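# Descriptive structure summary
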Amino acid sequence: MQNSSTPYARIALLLIFSAMAITSLVRNEVFQGTTNVINWDGYGYYAYLPGAFVYGDISEYAFAEDHFSSYEVSSGIYQLMELENGSRFPIYNIGLAVVWTPAFLITHSITAVTGIAAADGMSYPYQLMVALMMLLFAFLGLLNLKRFLAIYFSDVVVALVLLGIGLGTNIFYYIVENPDMTHGYLFALYAMFLYAFARGFCSPALVPDGAVHGTSAGEQESFPGGKRKYLIYCGLLAGLMCLIRSSEIVVFAIPAFYGLKNWATLKRNFWRTLPIFGIALAVFSIQLIYYKAGTGSWWQNGYAGLGFDWLSPHLYEGFIGYRRGWLVYTPLMAFALMGIAWLRKDWLLPILIFTLGNVYLLFSWHIWWYGDTFGSRPVTQSYAVLALPLGALLTWLVGGAAGARERIKGAKEEGAGNAPRRRFIAPLLLLALIPFIALNLFQHWQYNQRILPLDFVNKTYYWHVFGKAELDKHDRVFLDINEKIPDGKLTYTPLPGINEPLAVPPKARQEFVNILEEDLILGYPDQVMWLRGNIHYSYFGDSFDKWKFPSVVMEHKRDGGAKKWIQVNIPRAMATPTRDSLKFNISLEDIQSGDKVKLYFWNLSQDSLMVHWGDFKLLHE
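Attention in this report is confined to the structure presented alongside it. (Residues numbered from 1 in each chain as written. Predicted model: local features only at pLDDT ≥ 70, side-chain atom pairs only at ≥ 80, totals over all residues. Heavy atoms only, no water.)

## A look at the overall build of the chain
Spelled out, the test is: What counts as a helix is a DSSP run of H or I of at least four residues, what counts as a strand is a run of E of at least two, and both are numbered from the N terminus. Accessible area is worked out with a 1.4 Å probe on protein chains only. A residue is then buried under 20% of its type maximum, exposed over 50%, and partly exposed in between. The contact criterion used throughout is that any non-hydrogen atoms of two residues lie within 4.5 Å. Shrake-Rupley sampling with a 1.4 Å probe provides the accessible areas, and residues are treated as covered by the protein chains on show and by no other component. For this count, His and the chain ends are skipped, Lys and Arg are scored as positive, and Asp and Glu as negative. Charge placement uses NZ in Lys and CZ in Arg. For Asp and Glu, CG and CD serve respectively.
Counting its regular elements, the chain contains 19 helices and eleven strands. Counting only C-alpha atoms, the chain reaches 85 × 65 × 45 Å along its principal axes. Sorting the 621 residues of the chain into buried and exposed places 55% on the buried side. Once local pairs closer than 6 in sequence are excluded, the contacts in the chain between residues at least 24 apart make up 77%. Carbon and sulfur atoms make up 61% of the accessible area of the chain, which amounts to about 26,900 Å² in all. Averaging the positions of the 49 positive and the 48 negative side-chain charges in the chain gives two centres separated by 11 Å.

## Topic: helix α10 (residues 228-244)
Heads up, the condition is: Helices are assigned an expected span. That span is 1.5 Å times one less than the residue count.
Its 17 residues give α10 an end-to-end C-alpha distance of 25 Å, which sits within 8% of 24 Å, the value for a rise of 1.5 Å per residue. Counting buried positions over the 17 residues of α10 gives twelve, a clear majority of the element. Burial in α10 covers these residues: Y230, L231, C234, G235, L237, A238, G239, L240, M241, C242, L243 and I244. Close packing links the buried residues of α10 with α2 (41-46), α5 (95-114), α9 (183-201) and α12 (263-295).

## Observations regarding the environment of D120
Quick reminder of the rule: In the analysis that follows, any N or O atom pair within 3.5 Å is treated as a polar contact, provided that within protein one partner can donate a hydrogen and the other can accept it, and provided that, for residues neighboring in sequence, both atoms belong to side chains.
Along the chain, the position of D120 falls in the loop between α5 and α6 (124-150). Judged by relative accessible area, which is 14%, D120 ranks as buried. Spatially, the C-alpha atoms of D120 and Y55 are 8.3 Å apart, while their sequence positions differ by 65 residues. Excluding anything up to four places from it in sequence, D120 contacts P50, V54, Y55, H67, Y71 and Y126. Of the polar contacts made by the side chain of D120, one reaches the backbone nitrogen of S123; its length is 3.1 Å.

## Describing the nonpolar core
What tends to happen in soluble globular proteins is that the nonpolar side chains get buried as a cluster. Note the following rule: Note on terminology: a nonpolar core comprises buried Ala, Val, Leu, Ile, Met, Phe, Trp, Tyr and Cys residues joined through side-chain atoms within 4.5 Å.
Ranked by size, the top nonpolar core spans 130 residues in total, and within it Y46, W100, F148, Y152 and W347 carry the most contacts. The dominant element in this core, judged by the number of residues it contributes, is α9, at 15 residues. Setting aside residues up to four positions removed in sequence, W347 forms contacts with F148, Y152, L194, F197, C202, I254, Y258 and L388. Counting 47 residues, the second largest nonpolar core, distinct from the first, contains Y173, Y329, I515 and M529.

## A short note on the packing of α5 against α6
Operational definition: Each axis is a line fitted through C-alpha atoms, and for a helix only the stretch in contact is used; angles between axes span 0 to 180 degrees, taken between their N-to-C directions. By the definition used in this description, the sense in which the near helix is turned from the far one sets the handedness, with an anticlockwise turn below a right angle giving left-handed and a clockwise turn giving right-handed. Residues are sorted three ways: Asp, Glu, Lys and Arg are charged, Ala, Val, Leu, Ile, Met, Phe, Trp, Tyr, Cys and Pro are nonpolar, and all the rest, Gly among them, are polar.
Two elements in contact, α5 and α6, have axes whose closest approach is 10 Å; the angle formed by their N-to-C orientations is 145°. Seen from above, α5 lies across α6 with right-handed handedness. Each of V99, W100, A103, F104, T107, H108 and T111 in α5 lies in contact with α6, whose residues at this interface are P125, Y126, M129, V130, M133 and F137. Across the contact of α5 with α6, the residue classes tally to ten nonpolar, three polar and no charged.

## Concerning the sheet that holds strand β10 (residues 596-603)
This is how it is decided: When DSSP finds at least two bridges between two strands, those strands are taken to pair.
One open sheet holds the four strands; their spatial order is β5-β10-β7-β8, and the pairing between them is antiparallel. At either end of the open sheet lies a strand with only one pairing partner, and these are β5 (512-519) and β8 (561-569). Neighbour-to-neighbour, the strand axes of the sheet open up by a mean angle of 15°, direction not taken into account. As judged from the eight bridges shared by strand β7 (residues 550-558) and β8, these two strands associate in the antiparallel manner.

## Things to note about unusual backbone geometry
With a phi close to 60°, Y370 is a non-glycine residue in the positive phi region. Assignment of secondary structure puts Y370 in the loop between α16 (345-364) and α17 (383-398). Residue Y370 is classed as buried on the basis of its relative accessible area, which comes to 12%. Here the phi dihedral of D559 falls at roughly 50°; this positive angle occurs in a residue that is not glycine. Within the secondary structure, D559 is located in the loop between β7 and β8. Note on D559: relative accessible area 78%, which makes it exposed.

## Examining the packing of α6 against helix α7 (residues 155-168)
Where α6 meets α7, the axes come as close as 9 Å, and the angle between the chain directions of the two elements is 145°. In terms of crossing hand, the pair formed by α6 and α7 is right-handed. In contact with L142, L145, K146, L149 and A150 of α6, α7 contributes V158, V161 and L162. The residue makeup of the contact of α6 with α7, split by class, is seven nonpolar, no polar and one charged.

## Re the pattern of salt bridges
Definition in use: Counted as salt bridges are all cases of a side-chain nitrogen of Lys or Arg within 4 Å of a carboxyl oxygen of Asp or Glu.
Per the stated rule, a full pass over the model turns up 14 salt bridges. For the salt bridge of R245 with E248, the shortest nitrogen-to-oxygen distance reads 3.9 Å. Residues R245 and E248 agree in their burial class; the two are buried. Note that D519 and K596 form a salt bridge whose closest N and O atoms lie 2.6 Å from each other. Residue D519 is found in strand β5, and its partner K596 is found in strand β10; the two are separated by 77 residues along the sequence. A single salt-bridge network, built from bridges that share partners, covers R323, D455 and K546.

## Comments concerning the packing of aromatic side chains
As a reminder of what qualifies: Aromatic pairing here means that ring centres of Phe, Tyr or Trp (its six-membered ring) are within 6.5 Å. Orientation follows from the plane angle: under 30 degrees is stacked, over 60 is edge-to-face, and everything else is tilted.
Taken as a whole and judged by the stated rule, the model has 55 aromatic pairs. An angle of 80° between the planes, with centres 5.7 Å apart, marks the rings of Y190 and F354 as edge-to-face. Here F354 lies in helix α16 and Y190 lies in helix α9, a separation of 164 residues in the sequence. On the numbers, 5.8 Å between centres and 50° between planes, the contact of Y462 with F466 is tilted. Y462 gets classed as buried once you look at its relative accessible area, which sits at 3%. Of the aromatic side chains, those joined through ring pairs into one cluster are Y173, Y174, Y322, Y329, F374, Y447, Y462, W463 and F466.

## Describing the state of the cysteines
The criterion, for reference: For the purposes of this analysis, a disulfide is any pair of cysteine sulfur atoms at a distance within 2.5 Å.
Tallied over the entire structure, the rule returns zero disulfides. This cysteine, C242, is not joined by any disulfide, and C234 carries the nearest cysteine sulfur, 13 Å off.

## Section: the layout of surface pockets
To keep it simple, the criterion reads: Grid points spaced at 1 Å and placed over the protein atoms alone form the basis of the search, with a cavity being a set where a 1.4 Å probe fits but cannot get out and a pocket an open set showing protein on both sides within 12 Å along at least five of seven lines. Lining residues have an atom within 4 Å of a point. Grid points are joined across faces, edges and corners, and a volume is the space filled by probe spheres set on the points.
Taken as a whole, the second largest pocket holds about 820 Å³ of empty space. As for the second largest pocket, its lining consists of 21 residues, and the residues nearest its centre are D455, F456, K546, N569 and R572. Grouping the constituent residues of the lining of the second largest pocket by class yields ten nonpolar, two polar and nine charged.

Shown next as structure tokens:
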């Protein structure tokens, strides 16, 4: 284990946890007594508890309607799936409810005995319990991650990794903003698993500041008999992780491939992984037993109708797409991925296989952006695992050896020569972390302010609002038009406009209202033309939603079909309904003889508009 006489890692842990705790307590309105954290997907993880311990109903969940009428949960009870026999079951795994069970029983007992609130499983004491449980697991996760990293790295490196992971990634968001979701708990369980596995089965580097020497894990015999408690511990933790989210099955890559280098270590790893898997399977059987008791069947598919795109995983979008690309919103993790190359040989294979399997599995899901999320939500729990390669890279930069790229045979060879370098580089690395931390926390704030939208983001909109502290709703036009007109002087050709009031009625009366349809001008075959529009209107009603709304549609038509089709959501880009304007520029490329441009209103809602006037031009160099 590395030298832990310096307090940097301890200070980093306390700083991170204090920031998490204060932000969570404030954001979740704990002090006002109005905490409401059990909602949307979280209710699907939580409903097991009131069903089993408050209402004694794990077959029909008839109490859910009362919860939804009394509390702000979600717009519909999508968290429960109904079967042909009339029974219902939560669509998400039971694991998080198992984690909450001890605290829930204590909370329910106190609430029922004292009468301080309704003992219905959803009042303030229960909401507070969930918020506090997340903070407890956040602390346990950081503590176990610190202990695990300290086995391999210097205190300075451990402090830098903790600061980077804790404040420079979106795990901070999911711990403080979504205590009813799985990710913060899984992050903690991964950290506990890694520490237990390292204590039981790994051969750590014993030379201070990251130098590697001595016997590798691949040269060890089977694990000592006194370490079998860690085998049981790892099995329980792995089982609980899979019970929370089945996709965490990738955790078995760690015991299966750690220290693998020959036939002897393959057999050793098999007999080490088999009991861990067996214990985990026993834990996962809780889900099967529940299904049998509640629905009469040993298995239910809560994701019926949804699935994986195994042959076309969304790797590009998942990594660097602007909608929710992992490395776009959490660029620090690019360095963690790079750090895999600097790992010790015994850790290289398990971390590599874990990472490849994890991203393939997660980004093969057909809803690869995972709904309304800040950054890439499903990868956040794996940051505990990726902290190891991040630490390896930082150790190499500081001047120690981390494994694959450099082997130092002894403490004397590493010692004095690199000490000045470490003293110089470590503060620079801390300074280098600041932009990543600032970006993460600022975009966290932007997401809460809806400057970054809940769901869809494209490249043009992302960079348009990058660094902005105020939301101009008119900017949201770029969510539909993923392009900007270039700077420079352009000439224009006027098109017929709207010169007198034009009514856009509700869908029930008229779905489409034409604006114009004009032939496109030839003579600029190698240039991009732009359609510029400026529509002034008044808006009436508020029935629009995510799928049904009034819009302006542009079609670049050729041979009766649409070469380009753009739909601009009007209410999303609206600031003042009583009188507002919609301005847009849309490119028209590869214009050929007979091409036309068409503009029209398409109203899928019961709202209406009165268009006061509209001005349209074709722009070109």
